[in-house]
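So you can see what is in the structure, the chains are spelled out below.
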Amino acid sequence: MPTLAETIHPAASPLTVLSDEEKMFQSTIRRFARERIGPHVREMDEASVFRKDLLHEMFELGLMGIEIPEEYGGQGGNFFQAVLAVEALAAVDPSAAVIVDVQNTIANNVIIRWGNEDQKRRYLPKLASETVASFGLSEAGAGSDAFSLATRAVQHGDHYLITGRKLWITNAAEAGLYLLFANANPEAGYRGITCFLVERNFPGFQVGKKEDKLGIRASSTCELILDECRVPAGNVLGEVGKGYKIAIETLNEGRIAIGAQMAGLAQGALDHAIAYSKQRQQFGKAIADFQGVQFELAQMATDVEAARLLVYNGARMRDAGLPFVTEAAMAKYFASQIAESTASRAVEIFGGVGFTKDYPVEKLYRDAKIGRIYEGTSNMQKLTIAKQILGER
Ligand SMILES: Cc1cc2nc3c(=O)[nH]c(=O)nc-3n(C[C@H](O)[C@H](O)[C@H](O)COP(=O)(O)OP(=O)(O)OC[C@H]3O[C@@H](n4cnc5c(N)ncnc54)[C@H](O)[C@@H]3O)c2cc1C
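A brief structural summary. (Residues numbered from 1 in each chain as written. Predicted model: local features only at pLDDT ≥ 70, side-chain atom pairs only at ≥ 80, totals over all residues. Heavy atoms only, no water.)

### Description of the packing of aromatic side chains
Okay, so step 1: Applying the stated criterion across every chain yields a total of 10 aromatic pairs.
Okay, so step 2: Ring centres 6.2 Å apart and planes at 75° place the aromatic pair Y276 and Y359 in the edge-to-face group. Of the two residues, Y276 is situated in helix α8 (residues 243–279) and Y359 in the loop between α10 (325–350) and α11 (361–368); the sequence distance between them amounts to 83 residues.
Okay, so step 3: Through pairs of rings, three or more aromatic residues link up here, namely F147, Y190 and Y244.
Okay, so step 4: One residue, R316, lies across the ring of F80, its end atom 3.8 Å from the ring centre. (Phe/Tyr/Trp six-rings, centres within 6.5 Å; stacked < 30°, edge-to-face > 60°. Helix = DSSP H or I, 4+ residues; strand = E, 2+ residues; numbered from the N terminus. Lys NZ or Arg CZ within 6 Å of the ring centre and 35° of its normal.)

### Topic: the site of the ligand
Okay, so step 1: Around the ligand, 17 residues are found, and the nearest of them are S138, S144, W168, T170 and T377.
Okay, so step 2: One of the side-chain nitrogen or oxygen atoms of T377 is found 2.7 Å away from an oxygen atom of the ligand.
Okay, so step 3: Here the ligand, which alone exposes 970 Å², has 64% of that area covered by the protein.
Okay, so step 4: Elements supplying a minimum of two residues to the shell around the ligand: β3 (159–170) and α12 (378–390).
Okay, so step 5: Here the shell around the ligand takes 3 residues from β3, the largest share from any one element.
Okay, so step 6: Split by residue class, the shell around the ligand holds 8 nonpolar, 7 polar and 2 charged. (Near = heavy atom within 4 Å. Polar contact = N/O pair within 3.5 Å; in protein donor to acceptor, adjacent residues only side chain to side chain. Areas by Shrake-Rupley, 256 points an atom, 1.4 Å probe, with all protein chains shown as cover. Nonpolar A, V, L, I, M, F, W, Y, C, P; charged D, E, K, R; others polar.)

### Quick notes on the pattern of salt bridges
Okay, so step 1: This model, assessed by the stated rule, comprises 31 salt bridges.
Okay, so step 2: Note that D303 is salt-bridged to R345, the shortest N-O span being 4.0 Å. One end of the pair, D303, is in helix α9 (residues 291–319); the other, R345, is in helix α10, with 42 residues separating them in the sequence.
Okay, so step 3: Since its relative accessible area comes to 22%, R345 is described here as partly exposed.
Okay, so step 4: Through salt bridges with shared partners, a single network forms among D45, K357, E362 and R366. (Salt bridge = Lys/Arg side-chain N within 4 Å of Asp/Glu carboxyl O. Buried < 20%, exposed > 50% of the residue type's maximum accessible area, 1.4 Å probe, protein only.)

### Quick notes on the pairing of strand β7 (residues 221–232)
Okay, so step 1: Relative to β7, β3 runs antiparallel, the two sharing 9 bridges. By the bridge assignment, I162 is partnered in β7 with C229.
Okay, so step 2: Strand direction decides the pairing type here: strand β6 (residues 205–210) and β7, joined by 4 bridges, are antiparallel. Pairing of K210 across the sheet is with C222, part of β7. (Pairing = 2+ DSSP bridges.)

So, in structure tokens, the structure goes:
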């Protein structure tokens, strides 16, 4: 019989305890976010544009190729590091966070996992160094029901002609490469959906209208227009008809990172609220001295910690090769819920000035709303969780 001490797994460590490497990585990104992005957040939100120089710096720092193996010019990191990056950026600017999120946890990962050697050699070095990428699945008529997409791909010898419109595509204004989903065999239903690597300059491809949004305004969200867009057959990613599998599996992972964006946003709102509560005086003392304010801050801190634990657990499970679908849905669902409530509480702690654009919490409150919508709405996450806990019925 093993002793009790022998049954305790020696590798088990608290989820939020970071390795020295992870700590260094996190502190580099926190400093970059605070010092380089921070001064431009308001201006970028108002202009609805992410500065090109900051994008360039994100490439230089290695932030756009975190998981790309070193042999393809990337950082050779893991998914957990990508999650740390998204979280750290979101505390300062959730728009910067989603740019890095889509590039790393969606686009790069799809090519790393499903691309053939030729595609990896052609695209990964560019994605690590200069090219922004987008993930084009949604359409006007295909949101939660994404696989009802109407974009069609017809093969003509060594190329496909793709026709259709994509909506809501993050990073589309800046991107040079689009991972685009079209149905190459509509009779087969969702089993005809295929993922294509579409370059911005392919004939018949055009970036359409840019949305004017409530939040994450510096992150571009555009329509994509494909009019018999000519895509070489060599740019089919994975197999023809396997696009649905690529999309599902990629979005399962991506959800953990959206959870990280929301947990980071909530941490940012909490940090601002703590600092302001110590400095703002009413009735002859700091508002942080009032128990009513202390209880709000305590609730916010507890919510942020719980969200972070869900996110880190999902990310560490993913890196460990364990099943993580339920945990990912829970992380995104919960973190987006508490991001909204935490940012809302932060606005209230700031009082009247919290409602103005002179202080950062108003923007975080607006930015939080998207967490419950993209990469699967909260209802879709609850459907996933319910399906897993109820089993086959
Ligand atoms: C800023 C932004 C960025 C985005 N970025 C991208 C991107 O990069 N790439 C991409 O492909 N897409 C992107 N999207 C699209 C996004 O993923 C969809 O908006 C989202 O999946 C919801 O689809 P929908 O907008 O069509 O809403 P709908 O599916 O029409 O949903 C409307 C409401 O109905 C509810 N609902 C729908 N079906 C059910 C059901 N079966 N049970 C219960 N409730 C249901 C939903 O929960 C929601 O509340 C982005 C969207 C936004 C706003």
